[in-house]
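Descriptive structure summary
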Amino acid sequence: MATDNKAQANRTKRNPKQNSDRAIQETNNSSIVSKRSTERLYYPQPAIPPADSDFPYEGNHFFRHFVQKPQRRSPLINHGYWIRMEAVHTIVKQFLESNSVQRKVIVNLGCGYDPLPFQYLAKRSTSRSSTVFVDVDYPDLITLKVNTVDSSSVLSAVIGSHKLGAQIDSIALSSSSYYAIRCDLSNISALETSLKQLNLLDENCDFLFIAEVSLTYMDTSAADSVIKWASTATNGGASFALLEQIIPAGPAHPFASTMINHFNRLNTPIKSIYHYPTLHAQKLRFLDLGWNSAVSRDLLEVWVDDVSLETKKRISSIEPFDEWEEFYLFCQHYVFLVASTSTENIDEERVNLRNSHESQIAWTKVSHGTSRVQRKWAAAATLDNTIISFGGLGSCTRLSTSCITAYEDELFEVQDYPTPSARMCAAMANLSSSKFLMCGGRNSPTAVLSDTWILNLDSKQWQKAAAMPFARHRHVCATISSGKVIVFGGFYPSGESVSEWILYDASINEWICLSSNVELGACFSPSFCWTGSFGILGGGFSLQGHIYQRSYRWMISGHSIVLEPISTNIFNRAGASLMPFEDKIVLVGGVVSEGLLQVEKSIVLVNTLHWSSSAVACSTEREGFPMLVGFNMLVSTEGEIVISGGGAVCFSFGAYWNRVTVFNARESKVWKVIEQSKFCADNVVDHVIDSSVENGNDMSKVSKIRQVFAGLLHSIQDWENIYQAGLPVIIKNADIGDCVLKWTPEYLKSSVGGDREVVVHTSEAKAMNFQKKNFRYITMPFERFIDEVFLPSHGSARYYLRSLSASKPAGVPAIFKEDFPTLAEDFKHPVELQEFLQGKEFSSPFRISSPQVGMWLHYDVMANFLVQISGTKRIRVYAPSDITKLSFPAGASSSTIRDIFATEVAGVTPFEGTMAPGDILFLPSMWLHATNPLTASISINTFFKDLSSSVYATGRDVYGNRDLKVYENSRIAIAKIRQAFQGEEVPEEIKKFYLLRLADELVN
C-alpha cells in the first residue's frame, strides 16, 4: 500500500493539469451547496400534485438530490446565487418559448451537478419530444452525476427510460430528452464527435450553449476555441449564454484583487478576466469569434431590468438583507452575455447617465497609514482634523467601541463606559465644538434601534438623550446650526417610510417631526450634506435595492423641508460621503447603478453654482485603491481627504478592509488611529487591538489582552486554513442544527426526562478551581438541575454539568449522541467539520452551567471544538508557552490560580472573546484556557485526536486529559534522577550544581 501511495504521489507531482482539473471540479462542490441554500429559501416547494398527475415533480427542489447535507449561506451569498440562477433561467425560458419549430437543444458546458435539465423536463410547459438537454463536464464528475441520477427514482422518472454507457464511453447516460457526456472541454473534437454520435449536429436543431463560470478556468485560447466552434458547429441557429467574472476596474480594485486571490488560493485561477476584463471586451470577444450579435450586461443590470418589482419584494421578505453595496460589487464583477448567430439585430441600446467631468485636479499623491481599521458602517462625525466614530461591523461582530482617526499629536481617548450598545449603520453629527450626537442603527437587520446618545468631549463620556420617535438605520444626518441636527430616511422595522425628516433640538432634548413638499418614500444611504446655507440630497437605495435617479437642494423653513430638483445626476449614488470643502462639495465613493464606479470617478469635486464636477486624480503609490464602501471621511484643514475604516465582504471570496488612506493636495502630517476598548462593569477589558501588532505605534495605555480571532466557514478551504494556522479561532454563526432554537428548558426536560439523574458540580464560588476543590459533586434529577440553572432559587449555589457516559461513566468517554439520543438529531457540526472529524473523534461531553460559574484554567491534550448552543460565554486563552508562568503544578493539567479572569499575570499575553449561540471555538491541543458563562449556558465539546495514535498514552482515559506518553515516561525518568541524587551522600550545593546542569541540557 505504501508503494501504491508513493506511486500515486509521483503521478500527481508529474501531472499538474490533473491537480488543476481536480481543483476546478471542487469548485462545483462549493457552488452547488450555495445553490441548494438559495433553492431552499427562495424557491418554494409546490403543493403536492394529484396522484394521477402526469407532471408530479414540476417545481420540485432538484438541488437536494446532489447536496446531502444542506447549509444555509449568508443573505449576501443567497442573493448572489439567486441572481446567477435567475439570469440563466431567464435565457432558457426565452429559448424554449421562442416560436421556432426546430428541435431545441440546450448544451450545458461545464454543468457540474446543476439540475437544470430536470427542472425543465419536469415542467408541463416543456415539450419533451422537441427538447433535448445535454450535460457536459469532466469524466469523473459526470460519472458521479450519472450515478446520482440513476439511483434516484425522482430524477430517473423525470428523464424517463434511459441507458447507461460503459465506464469508457463518452456518453455516460442517454434518454430521449437528456444526455450526459464525459468530456474535458479543452478537447473540442471529442465533444463534437459525441454530439454527432447523438445525431444532434446533423439535424436542423436550434442550439443554446450555456457556460456558467466554467470557461474562465480554461486557458483563454482553449476557451475561445469552444466559443468559436459553437458558432459554426450546428446546422440550425445557435445562441450562447456566458456567465463569468470580469474586472471592470482592473485587477487592483479591492473586490477584484480579493476575488482573484481567492481563486488563486484554490489553485483555480480565473483566466479570461485578463483578456476580457470588461463588458465591452466580452462583447467584442464573441463578435470576433464568429457570432453575429451579442448583448453584454452585468448581473446588476439583470437585477434592475429583468426582475419584476413583485419578485424583488418577495425575495426581500424571505430573509433580512441590507448589504446592497456588497451585492452591487458582486453583480458588477460578473458578465451575463447572450450571443446569437442570427442576423437580426438585438436591441442593446440602454440609457447611460455617465457624467462628463472637467479636467482632473491635483490630489495625486496617496499615502497609506500602517493601520488597517477593521470596521465598516460605523457612525462618524468630524471635528477639525479628527474623525470620531462609534460602532460599526468588525471582522466578526458589531462593535461597541470608539475609533479616533487624527493627526498623530492630536489623538485622545474616549471613556467607553457607560457605552451605547454594539451597533452598525447609525448616524452621527456635531452638536457643538465639544459634543456629538449619535442616533439609531441596528444590531441585526430586524433589530433596529431608536436610542440617542451624546458624546461629551469635555468629560470624554457618553450620555443618553431622548430617543428618536421611530427606530431606523442607514439614515443620514447633518448639523444645520449649533445644537440642531437634521435626520433623513433610513430603513424602518416595518419596511415602510415614516417621518422621513426629523430634527433634534439639544436645547430642549427633543425630536421634532418635519413635513416636506415632496414625498420621497423609503430611502437609505443617500448622498447627503449641509453646506451652511442649503442641503444636498441625491440617490440612495430603495427597499428593493434600486438607486434613485434624483437629486435635490433642500432648505428648512420652520418645521418644514423644502426640496428643489437640481439638474445633475452626479449625486445619484448610494453609500457615498459628501462634505463641503472651501466653495465646493467633495463627493467620495459609494456605488452607482450604471456599471462599477471607476477609480477616476470615485472622488469628485462639485461646483454648486452650476453643478459642474471635476474628478480628483487618484494614482496610488504603495497599494491598491481603498474600498469606498462603509467608510468614514474627513476633509482636513490642510486640504487632505482622509478615508478611515470601510471595506466589504467580497461575496464568498473573503473580506477586504481598508488602511487609513490620505489623498494629499499638499504635504501631509502623519495620521494615526486608536481603537478604544469597551470596559465591563468589573473593569476587565473585553477586547482591544494589540497596538504594537496592528497599528505599528506604541499606545501603552491599551491593555495587552488580545481578541480571539474570529471567522466564518464558507468552504472546506476556510476550515483547512484555520486548522493549518494552529491558533484558537471562534467560528461565527455556524450551522449547528435546530438545537439553537429548540433547546429551551422545557424542551430539554421533556426530551431527556425529568427523572433522569445526573452528576453535577455545585459551588457558591464564582470561579471553580480543581486544585482548590471549592466545589462538590452531587446527584440530582435532570429536571431539578435545569430549573436551578435557568430559574435559580434564592440560594447562592451555582451548578455545572459535564456529562459522563450514560452506560459506563467510569469506564468510557462521554459521547453526546449515545448519551442523549433524544437530543441527537437536533445537533450537528457544520459539514466542513463533519468531514474533518471522521475517524478522529474521542469524546463529546454535554455541558450546561449556571451564569457566572467560571471553569478553572486548564489545558487539554486533545484539540477540541466547543460549540455554543445557548447563552453567552466568556473565554480566555493562553499560548502553551505561558504554562510556566501560570501556576501549573508538576504533572497537573489545571492551574492553582483561583480566578484567572480576576487575576493579572506578568509576562503573558492572553486572548479573549465572547461566544454566542452558533459560535464554535476551535482550540488546538495544549492551549491553556478558562471559561465563564455570562448567562445560563449550553454547549457541547468535541475532543479529537489529530496526532499519531502512537503518541497518546495507553490505558483508560475517560476525560481525555492524560498527557502524551512521552511526557508521562519522561516524568518517570525525572523521578529516577531525583531518587538517584537523594541516595548519594553528596553535599546539597553540589547536587544543585549538577541538577542545574541537567536542566540546562534539557532546555538547550
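This structure is a prediction, so every number in the text was calculated from the model and none was measured. Along each chain, residues carry numbers from 1 onward, in the same order as the chain's sequence is written. Confidence filtering applies because this is a predicted model: local features only for residues at pLDDT of at least 70, side-chain atom pairs given and counted only at 80 or more, and all residues used for totals across whole chains, interfaces and linings. Computation of side-chain values covers all heavy atoms of the structure but excludes hydrogens and water.

Another aspect to go through is the nonpolar core. Generally speaking, nonpolar side chains in soluble globular proteins are found buried as a group. Residue types Ala, Val, Leu, Ile, Met, Phe, Trp, Tyr and Cys, when buried and joined through side-chain atoms within 4.5 Å, form a set referred to as a nonpolar core. We call a residue buried when its accessible area falls under 20% of the maximum for its residue type, exposed when it is over 50%, and partly exposed in between, using a 1.4 Å probe and counting protein chains only. Membership of the largest hydrophobic core comes to 91 residues, with the highest contact counts inside it found for Ile83, Val92, Phe118, Phe255, Leu299, Phe327 and Phe336. For the purposes of this entry, the term helix denotes a DSSP run of H or I that reaches at least four residues, the term strand denotes a run of E that reaches at least two, and both are numbered from the N terminus. At 12 residues, helix 3 (residues 75-96) tops the list of elements feeding residues into this core. Between two residues, a contact is recorded if the distance between any of their heavy atoms is within 4.5 Å. Filtering out sequence-adjacent residues up to four positions away, phenylalanine 327 remains in contact with Leu76, His79, Gly80, Ile83, Trp303 and Phe321. Listed in part, the 41 residues of the second largest apolar core include Leu185, Ala230, Phe240 and Ile246.

Below, the discussion takes up empty space enclosed by the protein. The method works on a 1 Å grid over the protein atoms by themselves. A cavity is a set of points holding a 1.4 Å probe that cannot get out, a pocket is an open set with protein on both sides within 12 Å along at least five of seven lines, and residues with an atom within 4 Å of a point line them. Grid points are joined across faces, edges and corners, and a volume is the space filled by probe spheres set on the points. Within the structure shown, the criterion is met by five cavities of 30 Å³ or more. The space that makes up the second largest cavity amounts to roughly 150 Å³.

What follows deals with the pairing of strand 50 (residues 928-933). Of all six residues making up strand 50, six are buried, and the element is well covered by its neighbours. The pairing criterion for strands is at least two bridges between them, as found by DSSP. Across two bridges, strand 45 (residues 855-858) lies against strand 50 in antiparallel orientation. Bridge assignment links methionine 855 to a residue of strand 50, and that residue is threonine 931. With six bridges joining them, strand 47 (residues 873-878) and strand 50 adopt antiparallel strand pairing. Residue pairing for strand 50: isoleucine 875 is matched across the bridge by threonine 931.

Moving on, we come to the packing of aromatic side chains. Between the rings of Phe, Tyr and Trp (Trp by its six-membered ring), a pair exists once the centres lie within 6.5 Å; its type follows the angle of the planes, with under 30 degrees stacked, over 60 edge-to-face, and the other angles tilted. Throughout the structure, instances matching the rule amount to 58 aromatic pairs. Centroid distance phenylalanine 321 to phenylalanine 327: 6.3 Å. Interplanar angle 85 degrees. Geometry classified as edge-to-face. We classify phenylalanine 327 as buried; its relative accessible area is 0%. On the basis of an interplanar angle of 15 degrees and a centroid distance of 5.2 Å, the ring pair of phenylalanine 528 and tryptophan 554 is categorised as stacked. Of the two residues, phenylalanine 528 is situated in strand 23 (residues 527-530) and tryptophan 554 in strand 25 (residues 551-557); the sequence distance between them amounts to 26 residues. Residue phenylalanine 528 shares its accessibility class with tryptophan 554, and that shared class is buried. Linked through ring pairs, Tyr81, Tyr217, Phe255, Phe263, Phe330, Tyr334, Phe651 and Phe653 together constitute an aromatic cluster. When the NZ atom of lysine or the CZ atom of arginine is within 6 Å of a ring's centre and also within 35 degrees of its normal, the charge is said to sit over that ring. Positioned above the aromatic ring of tryptophan 657 is the side chain of lysine 376, whose terminal nitrogen or guanidinium carbon lies 5.7 Å from the ring centre.

With mixed pairing, the eight strands of this open sheet are ordered in space as 19-20-21-22-26-25-24-23. What marks the edges here is a single partner per strand, and that holds for strand 19 (476-481) and strand 23. Within the sheet, the average angular offset between the axes of one strand and its neighbour, ignoring direction, is 30 degrees. Of the strand pairs in this sheet, strand 22 (residues 510-516) and strand 26 (residues 560-565) are connected by two bridges, and their pairing is parallel. Bridging from a neighbouring strand, serine 515 pairs with serine 560 of strand 26. Where helices are involved, their axes are fitted lines through C-alpha atoms of the stretch in contact, as for all axes, and angles between N-to-C directions lie from 0 to 180°.

Averaged over the protein chain, the pLDDT score is 85; the fraction of residues at 70 or greater is 87%. Considering only residues more than four positions removed or in separate chains, one finds that residues 1-14, a stretch of pLDDT under 50, has one contact. Each residue carries a pLDDT score, the predictor's confidence in it, ranging from 0 to 100.

Note on helix geometry: an α-helix contains 3.6 residues per turn, so any two residues three or four positions apart are oriented the same way. Taken together, the buried positions of helix 11 (residues 279-288) are Ala281, Gln282, Arg285 and Phe286. One face of helix 11 carries all of its buried residues, which in axial projection span an arc of 135 degrees. For helix 11, the exposed residues lying more than 90 degrees away from the buried face are His280 and Asp288. Just downstream of helix 11, glycine 290 is the residue with a positive phi angle, here 105 degrees. Starting at the helix axis, one direction is taken to each C-beta atom, and the arc is that of these directions.

Two side chains that carry opposite charge are able to pair once their charged atoms sit near each other. For salt bridges, the criterion is a side-chain nitrogen of Lys or Arg within 4 Å of an Asp or Glu carboxyl oxygen. Using the criterion set out here, one finds 27 salt bridges in the structure. A salt bridge links aspartate 135 to lysine 145; its shortest N-O distance comes to 2.8 Å. With aspartate 135 in strand 2 (residues 131-137) and lysine 145 in helix 5 (residues 139-151), this pair connects stretches of sequence that are 10 residues apart. As a salt-bridge pair, aspartate 451 and arginine 423 come within 2.7 Å of each other at their nearest N and O atoms. Of this pair, aspartate 451 sits in the loop between strand 16 (435-439) and strand 17 (452-456) while arginine 423 sits in the loop between strand 14 (402-407) and strand 15 (427-430), and the two are 28 residues apart along the sequence. Across the pair, exposure class does not vary: aspartate 451 and arginine 423 are buried alike.

A few words now on the layout of surface pockets. Size it by volume and the second largest pocket reaches roughly 1,100 Å³. For the second largest pocket, the lining is made up of 44 residues, of which Ala380, Met428, Cys477, Leu578 and Met579 are closest to its centre. At the level of secondary structure, the elements contributing two or more residues to the lining of the second largest pocket comprise strand 12 (379-383), strand 15, strand 19, strand 23, strand 27 (577-581) and strand 31 (632-635). In terms of residue class, the lining of the second largest pocket is built from 27 nonpolar, 13 polar and four charged. Residues are sorted three ways: Asp, Glu, Lys and Arg are charged, Ala, Val, Leu, Ile, Met, Phe, Trp, Tyr, Cys and Pro are nonpolar, and all the rest, Gly among them, are polar.

A word on the packing of helix 12 (residues 299-306) against helix 14 (residues 324-331). Direction vectors running N to C along helix 12 and helix 14 enclose 115 degrees, while the axes themselves pass 6 Å from each other. Each of Leu299, Leu300 and Trp303 in helix 12 lies in contact with helix 14, whose residues at this interface are Trp324, Phe327, Tyr328, Phe330 and Cys331. A class-by-class count of the residues in the contact of helix 12 with helix 14 yields eight nonpolar, no polar and no charged.

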